[in-house]
Amino acid sequence: MSNAPRARSFLSPFLFRALRGGRRARAILAALVLSALSVVTGLWIAQGDHAFEREVRVGLDLEPRRWEREQAEVIRLQFSDEAYEHALRIRDRAMAAVDAGRIPDDSEVRTFLKSAFDEASLLSMAARVAVPADLDPARREHLDGLRREATRLMARLQPIYMDLDLGFGDLHRDPYFGGVPWTDEREVRRLERIVELGGLPEIVRYRSPMGPAETAGLIGLAAGFLLFVGGMVVVPFAAGSLLAHEVHAGTMAPLLGTGLSTVQVLVGSFVGAAARIGIVLAPLGAIFLATAAFAGGLGPALGALATLCIVTVALSAVAMVGGHALGRRLMPLATSGLLLAVLVPSALVAWFVGLFAAMGLPESGPVIGLWPQVAVAHALRTAALPLGLGVPAQAVVGFEDVQTVPGDALPHLAGWLELFVCLAAVACVGFLSFRALVRRVGTTTGPSLRRSEAAVAYAVLTSCALLALGWIPEITSPGWITSHHDARHLVPIAAFLVTVPAMAMLAAARVDGRAVRLGVVRTVGPEIAAAVVAGLAAVLLSSPGALEDLPAAHAVSSYGRAAWVALSVCLGVLVLAVRPPRFAGATLLGLAFLAVLVIGIEALAIAEDAPRATSSVFFPAAEASPMLAAAEIAVLVVFPLACVLRLRPAKTRLDVAA
């Protein structure tokens, strides 16, 4: 039997169970509702004229801020019909006062005239600065005529502005805010607009400036957000909670006794959990692709959906591992709550970080390389709103030295390399998580990961951290840390600390029944120590110049503290994996985890303070209070010691499957 009929044969029962009854009809109804919601939301954000919709568009770099648009177009925006009619009447009275050449008594008219500071300052500068003689004759003739008109208009307006205590006759325009107008085409166009309007800004009723392409992009972004929530939260939650329910209810053993292999049972469980969600998300994917194609980004849209699928499958594998482990000890409702408590906040934070990263921030490369959910959000945003769509916020008239940055944080090879390495690491983690789950479900003895698999996983994750944090200047662009040459010695410590959670989870995956009987520290401890030493060696070898400006005492304190924190975190994770405490003990353990992480972050502070040579190198908290230093020492000693005592072999019979 070929692979396709074989897959169809063992997946059919799981799909039938997932879609039986009215579940398929409800999924189709939910798909239609969410599709309509995405279209309505996109149209509302694109065409709405109120403050909320305007701020969303400004935040997405689709529309310039109010003052930027008013300065560029020489206008004053009004956001209601009443304000628009009132402003028109004020402008008419101001024009009448200028024509009469007298000081207006109306306070509103005086305020309106004072608000024309930028216009009058540009007129004053144009009247005083000669047109360069080396220009094309036709161009120079046009600019000379514009200069004469600006001079006449300034002579007409100057008495009014002088009486208003705005003496523009001796005004010096700061070069940063425009410089000589004849060298900047935008300033020339703005000057032409000022002369055309007679020196007073035009009153404009605000309307959304979004065109068809921007509207389609916002509809696609709304659909992309729902796809993101479905892939990063709903699918992993459904897969993890379903497996937890199967384990807690004891129905996993009957499934394994049906002749299906462990791999087939787990794949079928995942497909069954994702089937209804896939039906709901399929129309959203079609909307996303259609709007991206209309906006000019079908290729990036396909890549974004591929990135979403890769991260979703990998994250679901990790969630299934967590669901299987928690389902053996907790009720399904508690397991579901824990999964949601992890998935929802991380997904929401990653979505907003991904949106900001897609606006061209130079700091976004390391975040994208280290946080796969951010990479998905970034890909969805840049596909829905591709390069050149909208008005970048940096394109402000008068800021000539600020370059317009496209709305893409990955315009170069280094950025794409970071993204590909992140996806490769995610795929590796997902594959090894699935392998560990297969071993844990199929047998109750032996480690979840072999030593070679754990080494490969740690090497991949460490390489991802190295690349994402920009340690290899020949390959990657410098990140926010390496851009400060005084802080380049912070980079190795930061990269080592971000790999500590991976090190801890891999250490927990190496625990088996033999380790529980003989003592976890005795059997797995050497592997943990070897991982810590290998991690420190990797980061130091990858950054040979990191210790050049770091004194010996600071180096010993920073790297020693980071290594000790790594060992402590690994021991704490082993306690949770092997012998989880009760509620009170779990609360104390969580507080201790937080304290240890704070102490680990102090390693960065110690290295950063190296040029200032602080008096307390090993315990900087002592400068604030000796009690804080004593508490820090107690945590560094008591926490790992308590974990070691907790991991001793018990005298009573143990459940080796735990």
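Preceding this paragraph is the structure being described.
Right, let's walk through the structure included here. From a predicted model like this one, the values you see are computed outputs, not experimental measurements.

Observations concerning the overall build of the protein chain
Here is step 1: The helix and strand inventory of the protein chain stands at 25 helices and 2 strands.
Here is step 2: By residue count, 47% of the 658 residues in the protein chain fall in the buried class.
Here is step 3: Across the protein chain, the fraction of contacts at a sequence separation of at least 24, relative to all contacts at a separation of at least 6, is 78%.
Here is step 4: Carbon together with sulfur atoms contributes 67% to the accessible area of the protein chain, which is approximately 30800 Å² in total.

A word on the packing of helix 23 (residues 552–578) against helix 25 (residues 626–646)
Here is step 1: Closest axis-to-axis distance for the helix 23/helix 25 pair is 9 Å, and the angle between their directions is 40°. The two elements helix 23 and helix 25 meet at a crossing, and its hand is left-handed. Contacts from Arg561, Trp564, Ser568, Leu571, Gly572 and Val575 in helix 23 reach Glu632, Leu636, Phe639, Pro640, Cys643, Val644 and Arg646 in helix 25.

Digging into helix 8 (residues 137–163)
Here is step 1: The terminal C-alpha atoms of helix 8 lie 39 Å apart, and with 27 residues this matches the ideal 39 Å at 1.5 Å per residue to within 8%.
Here is step 2: Largest kink in helix 8: about 40°, centred on Leu157, with the proline Pro159 one to four residues after it.
Here is step 3: Inspection of helix 8 places Leu143, Gly145, Leu146, Ala150, Leu153, Met154, Leu157, Ile160 and Tyr161 among the buried residues, and these make up the whole buried set.
Here is step 4: Check the buried side of helix 8 and you find it contacts helix 5 (81–100), helix 6 (107–114), helix 7 (117–128) and helix 9 (185–197).
Here is step 5: Capping the start of helix 8, Asp136 holds a side-chain oxygen 3.2 Å from the backbone nitrogen of Ala138, two or three residues further along.

Brief notes about the pattern of salt bridges
Here is step 1: Inspection of every chain in the model, using the stated rule, returns 13 salt bridges.
Here is step 2: A salt bridge links Glu187 to Arg190, with the shortest nitrogen-to-oxygen separation between them at 3.8 Å. One end of the pair, Glu187, and the other, Arg190, are both in helix 9, 3 residues apart, so they sit about a helical turn from each other. The pair Glu187 / Arg190 is uniform in exposure class, with both members buried.
Here is step 3: Glu196 is the salt-bridge partner of Arg193, the closest N and O atoms lying 3.7 Å from each other. On the criterion of helical spacing, the pair formed by Arg193 and Glu196 is a turn pair, its members being 3 residues apart in helix 9.
Here is step 4: Overall, Glu196 belongs to the exposed group, its relative accessible area being 60%.
Here is step 5: One network of salt bridges, with partners in common, ties together Arg435, Arg439, Arg450 and Glu453.

Quick notes on the environment of Thr183
Here is step 1: Relative to the helices and strands, Thr183 resides in the loop between helix 8 and helix 9.
Here is step 2: Thr183 gets classed as exposed once you look at its relative accessible area, which sits at 64%.

What to know about the nonpolar core
Here is step 1: Leu221, Phe228, Met232 and Phe288 are the most contacted members of the largest nonpolar core, which has 59 residues in total.
Here is step 2: When contributions to this core are tallied by element, the ones reaching two or more residues are helix 2 (23–47), helix 10 (212–249), helix 11 (252–256), helix 12 (262–295), helix 13 (298–327), helix 14 (332–357), helix 16 (372–384) and helix 17 (413–442).
Here is step 3: When residues of this core are assigned to their parent elements, the largest contribution, 13 residues, is made by helix 10.
Here is step 4: Beyond its immediate stretch of four places on either side in the chain, Phe228 contacts Val233, Leu308, Ala347, Ala350, Trp351, Gln373, Val376, Ala377 and Leu380.
Here is step 5: The next biggest cluster of nonpolar side chains, apart from the first, holds 46 residues, and it includes Val500, Ala508, Ala509 and Leu589.

Quick word on the packing of helix 12 against helix 16
Here is step 1: The interhelical angle for the contact between helix 12 and helix 16, taken along N-to-C directions, is 50°, at an axis separation of 8 Å. Looking at the two axes, helix 12 sits oblique to helix 16. Residue-level inspection shows Phe288, Ala292 and Ala295 of helix 12 in contact with helix 16, the latter providing Leu380, Ala383 and Ala384.
Here is step 2: The residue makeup of the contact of helix 12 with helix 16, split by class, is 6 nonpolar, no polar and no charged.

Description of a nonpolar patch on the surface
Here is step 1: Taken together, the side chains of Phe225, Leu340, Val344, Leu348, Phe352 and Phe356 define a hydrophobic patch exposed on the protein surface, amounting to about 510 Å² of accessible area.
Here is step 2: The biggest single contributor to the nonpolar patch is helix 14, with 5 residues.
Here is step 3: Residue placement: Leu340 occurs in helix 14.
Here is step 4: In this structure Leu340 comes out as partly exposed when scored by relative accessible area, which is 34%.

Points about the pairing of strand 1 (residues 75–78)
Here is step 1: The two faces of strand 1 match: Ile75 and Leu77 on one face and Arg76 and Gln78 on the other face are all buried.
Here is step 2: Judged from the 4 bridges that link them, strand 1 and strand 2 (residues 202–205) form a sheet pairing that is parallel. Bridging from a neighbouring strand, Leu77 pairs with Val204 of strand 2.

A word on helix 9
Here is step 1: Between its first and last C-alpha, helix 9 extends 18 Å over 13 residues, near the 18 Å set by a 1.5 Å rise per residue.
Here is step 2: Within helix 9, the full set of buried residues consists of Glu187, Val188, Arg190, Leu191, Ile194, Val195 and Leu197.
Here is step 3: On its buried side, helix 9 packs onto helix 4 (66–73), helix 5, helix 7, helix 8 and strand 2.
Here is step 4: Just past helix 9, the residue Gly198 takes up positive phi, approximately 75°.

Looking at unusual backbone geometry
Here is step 1: With a phi angle near 55°, Val74 is a residue other than glycine that sits in the positive phi range.
Here is step 2: Along the chain, Val74 falls in the loop between helix 4 and strand 1.

Brief notes about the packing of aromatic side chains
Here is step 1: By the definition in use, this model includes 4 aromatic pairs.
Here is step 2: Plain terms: the ring middles of Trp44 and Phe52 are 5.5 Å apart, the flat faces sit at 20° to each other, and that makes the pair stacked.
Here is step 3: The partly exposed category is assigned to Trp44, whose relative accessible area is 41%.
Here is step 4: Measuring from ring centre to ring centre gives 5.2 Å for Phe228 and Trp351, while their planes differ by 50°; the resulting arrangement is tilted. You can see Phe228 sitting in helix 10 and its partner Trp351 sitting in helix 14, a full 123 residues away along the chain. By the burial criterion, Phe228 is buried, and Trp351 matches it.
Here is step 5: Put simply, the rings of Phe225, Phe228 and Trp351 touch in pairs and so form one group of aromatic residues.
Here is step 6: Across the ring face of Phe79, the terminal group of Arg54 is positioned such that the distance to the ring centre comes to 4.1 Å.
Here is step 7: Across from the ring centre of Tyr206, 5.5 Å away, lies the NZ or CZ of Arg54, which sits over that ring.

What counts, and where the lines are drawn
- Residues numbered from 1 in each chain as written.
- Predicted model: local features only at pLDDT ≥ 70, side-chain atom pairs only at ≥ 80, totals over all residues.
- Heavy atoms only, no water.
- Helix = DSSP H or I, 4+ residues; strand = E, 2+ residues; numbered from the N terminus.
- Buried < 20%, exposed > 50% of the residue type's maximum accessible area, 1.4 Å probe, protein only.
- Contact = heavy atoms within 4.5 Å.
- Areas by Shrake-Rupley, 256 points an atom, 1.4 Å probe, with all protein chains shown as cover.
- Axes fitted to C-alpha atoms, helices over the stretch in contact; angles between N-to-C directions.
- Left-handed = near helix turned anticlockwise from the far one by under 90°.
- Expected span 1.5 Å × (residues − 1).
- Bend = angle between axes of the 7 residues up to and from the residue.
- Polar contact = N/O pair within 3.5 Å; in protein donor to acceptor, adjacent residues only side chain to side chain.
- Salt bridge = Lys/Arg side-chain N within 4 Å of Asp/Glu carboxyl O.
- Core = buried A, V, L, I, M, F, W, Y, C linked by side-chain atoms within 4.5 Å.
- Parallel < 35°, antiparallel > 145°, perpendicular 65-115°, else oblique.
- Nonpolar A, V, L, I, M, F, W, Y, C, P; charged D, E, K, R; others polar.
- Patch = residues over 30% accessible without salt bridge, like charges linked within 9 Å, V, L, I, M, F, W, Y side chains within 5 Å.
- Pairing = 2+ DSSP bridges.
- Phe/Tyr/Trp six-rings, centres within 6.5 Å; stacked < 30°, edge-to-face > 60°.
- Lys NZ or Arg CZ within 6 Å of the ring centre and 35° of its normal.

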